[in-house]
Amino acid sequence: MAAWQQGNWQSGLHEHCKPTGAGEKTTMCLGVPGKVVGWIDRTPLFSKAEIEFEGVRKVCHMACVEDAEIGDYVIVHAGMAICRIDTQAALLQLDTLQRLFNSTGET
Amino acid sequence: MKYLSEYRDPKHAHGLVDRIREISTQRWTIMEVCGGQTHALLRSGIDEALSECVELIHGPGCPVCVTPASAIHNAIHLSMRPQTLVATFGDMLRVPGNHGSLLDAQAGKGNIKAVYSPMDAVQLARKNPEQEVVFLAVGFETTAPATAIAILQAAQLKVKNFSVLCSHVCVLPAMKLLAASKQNRVQGFLAAGHVCTLTGFEEYAGFVEQFQMPVAVTGFEPTDLLVGILEVVTQLEQQQANLINCYPRAVKRNGNHSARQICEQIFDVTNRRWRGMQVIPNGGLCLKSQWAAYDAELKFSLSDVDQQEIQTECRSGEVLTGTIKPSECSAFGNQCTPQTPLGAPMVSTEGACAAYYRYRNNNSD
Ligand code: SF4
């Protein structure tokens, strides 16, 4: 049975892409959402923040998302935050999906 | 909200799969451009769930796979140079070049180090002033900003022993080439979400116009992928060709403004050979002439001789253009495995061959 039928979506991250606290992972493709938990450096071009990914914290470069605030979610790719996640847009899309699919089959 | 589990809801997935099946009157051919999407599709089994109504063709969006053999050759060459350290992403190390991989070179005389980001390579250069640190920069528009930032950092810190072997590639020109090809079977595209996070998707409007094919900017979670596929199938059924952003939480029309500005400061667009494919017009990025001091090719007078690929049984070019599925390569799973890769698509975390090996090998015969 395929993963989609079991509702068993394994982690969206590749095993070896999962960020580790050790900082030894050097794989380039991540593209993972994480939460900004603290700023380490806010010097433009050198800015860094601590980002939490499913419980694991990692220092990431923030030069392209310098306006992020603590508690924001960002997507990190190859050690660098590439965008802030737009909560409103996310909620809107999820809401549409809920309306379309959550009610069906339950009545 | 975690922005992960919400997009793996089986109810949504079932609903979306059913909907796609319902509306399909024929089997459509859709290309997911990015290798990360290929892995996610195979991992979740979406390709199999939809096999009756959608054939998913895997695109060339595996940066490690398309990095030309000449870049690997130049990196190996530099790593053998006295007092020189070549730094690159870990993914690059095992990719076979024409004469072995960076890992092979490392086992010999090559001085090579895997880093997590190009900025780490700048730090290496600062810590080792007696060494020339060269960063082998590969990847799409997603990783190019990091390279640009590293160069700006080096300039600001007056780090003179840092340079970049620039092999960045741009995805849209490759899509154009595929769409224009006589052999093209693709009817609609899932555009690479994270590339668009940075570049925006304005440029894709011209593509849609020119080729009259639907394009959905698509994310990487199962729900994201299914939403993108549903959108493309809906348009195909209605004989429409529009550009739509199905990944609005991460992609804005104009992309990431700071990243774009930083890249514009550093890079020019250039023609670039993609491995296994041909020279793609405007398919790559090179350093602007004012950053020549950071351009390893100039700094070390490397020949830009366009190395011909040595012919091997590896059919990576056909895999990357979606012409064949990895399992159609005779080496797949026997001579070629992730432990003994004959080609980059079997090495990379974004390579289609690695995805098939990992998720489809058991039932491949
Ligand atoms: S299976 Fe191996 S040899 Fe065949 S195309 Fe893929 S990487 Fe090349």
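Provided above is the structure to which this section pertains.
It should be emphasised that the depicted structure is a prediction, and the values quoted were computed from it without experimental measurement.

**Student:** Any chance you could explain the overall build of chain B here in plain terms?
**Tutor:** Within chain B, the regular secondary structure consists of 17 helices and 11 strands. Taking 365 residues into account, the globule formula puts the C-alpha radius of gyration at 21 Å, and chain B, at 21 Å, falls close to it. The principal-axis extents of the C-alpha atoms in chain B amount to approximately 65 × 45 × 40 Å. Within chain B, the proportion of its 365 residues that are buried is 63%. Considering only residue pairs separated by 6 or more positions, chain B has 78% of its internal contacts joining residues 24 or more positions apart.

**Student:** Just checking my understanding: could you explain the nonpolar core for this structure?
**Tutor:** Burial of nonpolar side chains together is a common tendency in soluble globular proteins. In this structure, Phe162, Phe189, Tyr204 and Ile229 of chain B are the most contacted members of the largest nonpolar core, which totals 150 residues. The residues contacting Ile229 of chain B, other than those within four sequence positions of it, are Ile20, Ile30, Leu41, Ile46, Leu50, Val54, Leu56 and Leu190 of chain B.

**Student:** Please clarify how the site of the ligand should be interpreted in this entry.
**Tutor:** Residues and elements named next belong to chain B. Around the ligand, the structure places 13 residues, and the nearest of them are Cys314, Arg315, Cys329, Cys336 and Cys353. Taking a 2 Å distance to the grid points as the criterion, the majority of the atoms of the ligand fall inside the second largest cavity. Broken down by secondary-structure element, the contributors of at least two residues to the shell around the ligand are α15 (316-320) and α16 (344-347). Across the shell around the ligand, the residue classes break down as 10 nonpolar, 2 polar and 1 charged.

**Student:** Hey, could you run me through the packing of helix α1 (residues 10-23) of chain B against helix α12 (residues 222-237) of chain B in this one?
**Tutor:** Residues and elements named next belong to chain B. Packing of α1 against α12 brings their axes to within 10 Å, and their N-to-C directions diverge by 15°. On the basis of their axis angle, the class for α1 and α12 is roughly parallel. Seen from above, α1 lies across α12 with left-handed handedness. Contact residues: His12, Ala13, Leu16, Val17, Arg19, Ile20 and Ile23 in α1; Thr223, Leu226, Val227, Ile229, Leu230, Val233, Thr234 and Glu237 in α12. Looking at the contact of α1 with α12, its residues break down into 10 nonpolar, 3 polar and 2 charged.

Calculation criteria
- Residues numbered from 1 in each chain as written.
- Chains lettered and ligands numbered in written order.
- Predicted model: local features only at pLDDT ≥ 70, side-chain atom pairs only at ≥ 80, totals over all residues.
- Heavy atoms only, no water.
- Helix = DSSP H or I, 4+ residues; strand = E, 2+ residues; numbered from the N terminus.
- Rg over C-alpha atoms; globule rule 2.2 N^0.38 Å.
- Buried < 20%, exposed > 50% of the residue type's maximum accessible area, 1.4 Å probe, protein only.
- Contact = heavy atoms within 4.5 Å.
- Core = buried A, V, L, I, M, F, W, Y, C linked by side-chain atoms within 4.5 Å.
- Near = heavy atom within 4 Å.
- 1 Å grid on protein atoms, 1.4 Å probe; cavity = no way out; pocket = protein on both sides within 12 Å on 5 of 7 lines; lining within 4 Å.
- Sits in = over half its atoms within 2 Å of the grid points.
- Nonpolar A, V, L, I, M, F, W, Y, C, P; charged D, E, K, R; others polar.
- Axes fitted to C-alpha atoms, helices over the stretch in contact; angles between N-to-C directions.
- Parallel < 35°, antiparallel > 145°, perpendicular 65-115°, else oblique.
- Left-handed = near helix turned anticlockwise from the far one by under 90°.

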